[in-house]
Amino acid sequence: MLNKIKRKTSNKIRKAHRDLGLFLGLQFLMWTISGLYFSWTDLDEIHGDHFKKTPETKAFSNLISPSEIQIDSGISSIEIREITNKPYYWINKQTLYDAYTGDIKNGINQEEALSIAKNNMKEGLKFESIEKITETGKHHEYREKLLPAYVISYDSAENIKVYVSVADGKFQTVRHRDWRWFDFLWMTHTMDYEGRDNFNNKILRAFSLLGLITVLSGFLLYFISSPTIKKIFKK
């Protein structure tokens, strides 16, 4: 009778372990594949650093003092932007001012965006197209960055795209084929199918807990069915 009870218990654990393994198997596979990809890739290349060059740093003189620019709210932050060999102040992360005259510059045009991209990207890339985007979705490769922006595409096997923000003329980022693979696998790894980076999402918590239960059920199954363990407890 006791052996029959043990056998039933063993069968229940075995069935639970098998069913959990089937249910979680695909996600375990994705965790393993993505983990392997992350460990075998160079993050600098994922960021597209091998497509970029160090931009030329220019020095300017006879600039207007920022205090001479009439800003009612005052100045809380200021950066210098170089756009087609001309200096501008990017003040309060809102407005671009001509650093010689103090005049407001209402964003950059396509020619200026192309010049900024050329100053940041390595020689030899073949320009394909440029367009302006004003909004992006949660899964867009250019997300959580300043909009509107120019998207500059290059004719290459890596499908390279450069993003330059319109408002301040800043070179924002490079996106390419390997980055997109990394982004997709990162999504499957974190299981954050909305924004990629939330490690506290409920899906990941649930699968992690079920994964732990699966592993523990395997240990328990071995413990109650192993002849070696049985011999030890019989002594």
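Values in this document were obtained by computation on a predicted structure and should not be read as measured data. (Residues numbered from 1 in each chain as written. Predicted model: local features only at pLDDT ≥ 70, side-chain atom pairs only at ≥ 80, totals over all residues. Heavy atoms only, no water.)

Student: Could you give an account of helix H3 (residues 110-120), with specific residues and numbers?
Tutor: Among the residues of H3, Glu-112, Ala-113, Ile-116, Ala-117, Asn-119 and Asn-120 are the ones counted as buried. Viewed along the axis of H3, the buried residues span an arc of 160°, placing them on a single side of the element. Those residues of H3 that are exposed and aimed more than 90 degrees away from the buried face are Glu-111 and Lys-118. Looking at the packing, one finds that the buried side of H3 touches strand S1 (78-83), strand S4 (104-105), strand S5 (127-133), strand S6 (149-154), strand S7 (161-165) and strand S8 (171-175). At the N-terminal end of H3, a side-chain oxygen is found 3.2 Å from the backbone nitrogen of Glu-111, two or three residues along, and the residue is Asn-109. (Buried < 20%, exposed > 50% of the residue type's maximum accessible area, 1.4 Å probe, protein only. Helix = DSSP H or I, 4+ residues; strand = E, 2+ residues; numbered from the N terminus. Arc of directions from axis to C-beta. Contact = heavy atoms within 4.5 Å. Polar contact = N/O pair within 3.5 Å; in protein donor to acceptor, adjacent residues only side chain to side chain.)

Student: Account for the pattern of salt bridges, naming residues and giving values.
Tutor: Throughout the structure, instances matching the rule amount to eleven salt bridges. The closest approach of N and O atoms between Arg-81 and Asp-168, which form a salt bridge, is 2.9 Å. Remark: Asp-168 occurs in the loop between S7 and S8 and Arg-81 occurs in strand S1; sequence separation between them is 87 residues. For Arg-81, a relative accessible area of 10% corresponds to the buried category. Residues joined in a network through salt bridges with shared partners are Glu-79, Arg-81 and Asp-168. (Salt bridge = Lys/Arg side-chain N within 4 Å of Asp/Glu carboxyl O.)

Student: Give me the lowdown on the side chain of Arg-143, citing residues and values where you can.
Tutor: Residue position: Arg-143 is located in the loop between S5 and S6. A residue is classified by how much of its surface remains accessible, and Arg-143, at 15% relative accessible area, is buried. Among the polar contacts listed, one links the side chain of Arg-143 to the backbone oxygen of His-140, at a separation of 2.9 Å. Residues contacting Arg-143, with those up to four places away along its chain left out, are Thr-136, Gly-137, Lys-138, Trp-179, Asp-183, Gly-195 and Arg-196.

Student: Describe the sheet that holds S5, naming the residues involved and giving the relevant values.
Tutor: Overall, antiparallel pairing links the four strands, which are arranged S5-S6-S7-S8 in an open sheet. In this open sheet, the two edge strands, each paired with only one partner strand, are S5 and S8. Taking each pair of neighbouring strands and ignoring which way they run, the sheet shows an average axis angle of 20°. Here S7 pairs with S8 via four bridges, running antiparallel. The partner of Val-164 across the bridge, within S8, is Phe-171. Across the face of the sheet, H3 comes into contact with S5, S6, S7 and S8 while running at roughly 55° to S6. (Pairing = 2+ DSSP bridges. Axes fitted to C-alpha atoms, helices over the stretch in contact; angles between N-to-C directions.)

Student: Which residues make up the layout of surface pockets, and what are the values?
Tutor: By volume, the largest pocket is sized at about 480 Å³. What lines the largest pocket is a set of 21 residues, and nearest its centre among them are Pro-55, Glu-56, Glu-82, Asn-119 and Asn-120. It is H3 that provides the largest number of residues to the lining of the largest pocket, a total of five residues. (1 Å grid on protein atoms, 1.4 Å probe; cavity = no way out; pocket = protein on both sides within 12 Å on 5 of 7 lines; lining within 4 Å. Points joined across faces, edges and corners; volume = space filled by probe spheres on them.)

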